[in-house]
Amino acid sequence: MLSLCDNPSVLMDSNRRDGEIMHKSQLINRLEDKSAIIGIVGLGYVGLPLMIRYAEMGYKVIGFDIDQAKVDSLNRGESYIEHIPADAIQAAISQGFKATTAFSQIGDVDGIILCVPTPLNKYREPDLSYVIDTTESVIPFLRPGQVVSLESTTYPGTTEEELQPRIEAAGHTVGEDIFLVFSPEREDPGNQHFDTATIPKVCGGVTANCLDAGLALYGQVINQMVPVSSAKTAEMSKLLENIHRAVNIGLVNEMKIVADKMGIDIHEVIRAAATKPFGFVPYYPGPGLGGHCIPIDPFYLTWKAREYGVHTRFIELAGEVNNAMPNYVVHKVADGLNRKSKSISGSRILILGVAYKSNIDDMRESPAVEIMEILRRKGAELAYTDPHVPVFPKMRQHSFDLQSEPLTADLLQTCDCAVLVTGHDAFDYDLIAKHADLIIDSRGVYQGEHSNVIKA
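K.L.:
I tried to follow the sheet that holds strand 13 (residues 453-455) on my own but got confused; where do I start?
P.N.:
For sheets, the rule is that strands pair by backbone hydrogen bonds, running either parallel or antiparallel. Taken in spatial order, the 5 strands line up as 10-9-11-12-13 in an open sheet, and their pairing is parallel. Strands with a single pairing partner mark the edges of an open sheet, and in this sheet they are strand 10 (381-385) and strand 13. Adjacent strand axes in the sheet meet at a mean angle of 25°, parallel and antiparallel pairs treated alike. Here 4 bridges tie strand 9 (residues 348-352) to strand 11 (residues 417-420), and the two strands are oriented parallel to one another. For Ile-351, the partnering residue across the bridge sits in strand 11 and is Val-419. Relative to the sheet, helix 13 (residues 367-377) contacts strand 9 and strand 10, its axis offset from that of strand 9 by approximately 175°.

Next up, the structure:
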């Protein structure tokens, strides 16, 4: 009679468990003693700060990007992001960092972190092409004992529905020889109070073993880890964070329109309401949503919710309000010029600030771009000034052959209208108020009444 140990299926299961334990324990040991090599795919606003943090903590990092110009710049010790100093890149190089376009080197790393864009397509549906293309570029070089983390914001289910099947189709078993997690990025470019190390990090694994590996991957470089029960939970948590902001901004943007009709300054209202020490959190209106998260992430959930027969009316209504803000600003421009017997067509209009928020050079989804497109279609002659964006960059859907002009009295006096889109600290607002014939203020910079200021 065969004993239990003689049963081939039992032996196979035992061998599998032994291999699984060996892969996981060896990986975790390497991550914890910092002998592991970290691979970061996508060296932009998310991947680059993460690379620097790993290097600071003593890890060797290999950075992967398809943009040869970025790779060359980094290998020369140069930074192409304003708030990331070149000396931080150079310090990483001294720790062994190198950048490459050769995905064959994926086999040399222990932890693989994917930090690639997740935009919307022209139908405002999720575009996962960057995630899928990157995953398929990585898979041929995967080896047992690696952990793969997706940081790109996406709809719940992406990690299990898109990454896991592709990895397993290549002969791996997620949770046994490859460990797969979702850990959403929470970068806030230019934030002086929080950085990569001090922002708590959510992490969810496809299996319990995956979560253990994910916590080891980040545990030495992030001060506080927040483990959750699944990759789906982690994916949903990032969407909730940004939908919360999008909905509240949509609310205050709608309140702005109502207050304007009533002759009330919404910014004064918010300042008064914010004195309540409980039950109120101030959100501020603006010319539209910008950045890599808030204008995009809600639509990832609304799209996925349809699969479950759910119509996310609240989220979509906030999206409608926020998406209408660039047109609202242009309407205010037209009103202001009409008062001076001018039209948008033929007027020289100066855009003050084209980055998506104050004091950074990040233009992703900046509402300034949409405002400029509308004004250009209406025949305006455009100029802009932004100390953080000296040359208007090439963008996927927009093209302006413009450079930032110095903010001078002469520039202001030669323009028919100045539109304040992004309130950089470097702007001389007294100079603007003194020399601009007409100011459209979409940020509430100018308090009280000014004869040449229209609030938008």
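K.L.:
Sorry if this is basic, but what is going on with the pairing of strand 5 (residues 146-150) here?
P.N.:
Walk down a regular strand and you will see the side chains alternate between the two sheet faces. In terms of residue burial, strand 5 counts as a mostly covered element, since 5 of its 5 residues are buried. Side chains Gln-146, Val-148 and Leu-150 project from strand 5 onto one buried face, and the interleaved Val-147 and Ser-149 project onto a second face that is buried too. Relative to strand 5, strand 4 (residues 111-114) runs parallel, the two sharing 4 bridges. Looking at strand 5, one finds that Leu-114 is bridged to Leu-150. Where the polypeptide runs from strand 4 across helix 5 (residues 129-138) and back to strand 5, its parallel neighbour, the crossover connection is right-handed. Crossover strand 5 to strand 6 (residues 178-182) through helix 6 (residues 158-169) is right-handed.

Thresholds, definitions, all that
Residues numbered from 1 in each chain as written. Predicted model: local features only at pLDDT ≥ 70, side-chain atom pairs only at ≥ 80, totals over all residues. Heavy atoms only, no water. Pairing = 2+ DSSP bridges. Helix = DSSP H or I, 4+ residues; strand = E, 2+ residues; numbered from the N terminus. Axes fitted to C-alpha atoms, helices over the stretch in contact; angles between N-to-C directions. Contact = heavy atoms within 4.5 Å. Buried < 20%, exposed > 50% of the residue type's maximum accessible area, 1.4 Å probe, protein only. Right-handed = clockwise from strand over helix to strand, strands pointing away.

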